[in-house]
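Below, each chain spelled out in residue letters.
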Amino acid sequence: MNLNNIHNIYFVGIGGIGMSAIARYFKASDKHVAGYDKTQTDLTDSLKDLGISVNFEDTIASLEQRYLNSETTLVVYTPAVPKDHAQLTYFKNNNYQVLKRSEVLGLITKNTFCLAVAGTHGKTTTTSILGHLLNECNVELTAFLGGISENYNSNLILNGNKVSVVEADEFDRSFLTLSPDMACVTSMDADHLDIYGDASELIKTFEDFTKKLKPNGKLFVKNGLPLKGITYGIEDDADYSAQNIKIQNGAYVFDVKTPDAVLENFQFNLPGRHNLSNALVALAMSVEYGLPRPQLAKALASYKGVKRRFTYQIKTEDLVFIDDYAHHPEEINAVHQAVREMYPNDKVVVIFQPHLFSRTKDFAQEFANSLSQFDQILLMDIYPARELPIEGVTSKWLLSLIDNKNKKLVTKQSVIQHIKQSNAKIVLTIGAGDIGAEVIKIKKALLNES
């Protein structure tokens, strides 16, 4: 398909973080862009501000006339949309070109120098660091991010089309539509077992992804993963290694050992060893791309992060409120490590909203273990997203597995009251569901209290 011949693009599920980035891209390319989503959000509002038409009714009547022309309209959909969706069914039954988001990403990046970031954790932060480094070094690039960058207040960095930076998403095997020139794999922990069945199938699919690299392409692999490539790690014998790590004024200061030299004195302002690891592989890819150390060091020091990735909502002497997207046990462990490293002696209350019944069922004991590490646990109901309930899989059941007496089930209505009663200096909200919508309410309530 030649995207130059397409004038109208309609997104089914336009409010998704990955979908909205592509919608922004096509709008900037002077295409007519519109779409459907189930609910109005800050993301859909920001798309409307760009002149993109968004409707919230799953009816054919809500489609604008121009999108009823199947010859000039491309339809993009996300696998999260239910199979009985009326608009999507209409498009499929009326000879429209209907593609998954990942297939469109493959088309957009096909004729660019593509840098792809894969892994079960760390994709969004790594992609946004890499996009920022390249952009600050004046590379002509487009970066599609799976979160809102604090530097650009957007999930799209648009500064030319010679180079593309993308998240290579393992969900639904989406990343197999890409053909990158460089790729990294940050982690391969079991996840999405509703799709893969077991961890070995997930690992096999990551192996298949590495075979999608273009000839002479470069693969970067977290040290210890069962893949062959350029390795990276923290204070180890990897090809690229972060060394001489110090914490100064809440930031990491470190050197990078490369296969050829030691690059000294980088500063990175995000807490957590997992984030330092993400920064390291973004630096490694940038160095191999050919960017110079002085520009990279300046760019990294100016990186501000991604919304809902260890985002400080309140940071005072008496109270710290952090919000994070962590929704897998390994991610919760990483957030715990970061909090303890920054605030070793303070009480931490965590508010967690589990995401998906299947993930809760598959990793119940791991979730319980990771949550037990905090001083106090407030557990919300499971956010179902695309799933129907599974019998016996509830937050009450998960709570019973947590080995910490200071634990409680809470509702959205009661969570603020419980947070205030905890008297914890560090308040942490985590989860990938709609807990993000509660953050602003919690922040306002805590500021009124203090």
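The structure under discussion appears in the preceding block.
Residues numbered from 1 in each chain as written. Predicted model: local features only at pLDDT ≥ 70, side-chain atom pairs only at ≥ 80, totals over all residues. Heavy atoms only, no water.

A. Looking closely at the pattern of salt bridges. Enumeration over the complete set of coordinates arrives at 14 salt bridges. In this structure, the salt-bridge partner of Lys425 is Asp346, at a minimum N-O distance of 3.7 Å. Pair noted here: Lys425 is in the loop between helix H14 (415–422) and strand S21 (426–430) and Asp346 is in the loop between helix H10 (329–342) and strand S18 (348–352), with a separation of 79 residues, a long-range link. For Lys425, a relative accessible area of 23% puts it in the partly exposed group. Of the charged contacts in the structure, one is a salt bridge between Lys441 and Glu438, with a shortest N-O distance of 3.4 Å. Note that Lys441 and Glu438 are positioned in helix H15 (residues 436–449) at a spacing of three residues, about one turn of the helix. With a relative accessible area of 45%, Lys441 lands in the partly exposed category. It is possible to trace a salt-bridge network through shared partners that takes in Lys204, Asp208 and Lys211. (Salt bridge = Lys/Arg side-chain N within 4 Å of Asp/Glu carboxyl O. Helix = DSSP H or I, 4+ residues; strand = E, 2+ residues; numbered from the N terminus. Buried < 20%, exposed > 50% of the residue type's maximum accessible area, 1.4 Å probe, protein only.)

B. Summary view of the pairing of strand S13 (residues 240–248). With three bridges joining them, strand S12 (residues 230–234) and S13 adopt parallel strand pairing. The partner of Gly233 across the bridge, within S13, is Ser241. The sheet contact formed by S13 and strand S14 (residues 251–257) spans six bridges and is antiparallel. Residue pairing across strands places Ser241 opposite Lys257, the latter belonging to S14. Linking S13 to S14, which pair antiparallel, is a turn of two residues; within it Asn249 sits at a positive phi near 55°. (Pairing = 2+ DSSP bridges.)

C. Seen up close, the packing of aromatic side chains. Tallied over the entire structure, the rule returns 15 aromatic pairs. Their ring planes at 70° and their centres at 4.8 Å tell us that Phe91 and Tyr96 sit as a pair that is edge-to-face. Taking relative accessible area as the criterion, Tyr96 reaches 8% and is therefore assigned buried. Where Phe352 meets Phe367, the ring centres are 5.5 Å apart and the plane angle is 35°; that geometry is what we call tilted. (Phe/Tyr/Trp six-rings, centres within 6.5 Å; stacked < 30°, edge-to-face > 60°.)

D. A look at the side chain of Gln376. Of note, Gln376 is situated in strand S19 (residues 376–379). When its relative accessible area of 7% is taken as the criterion, Gln376 is described as buried.

Coordinates in, geometry out; function isn't part of it.
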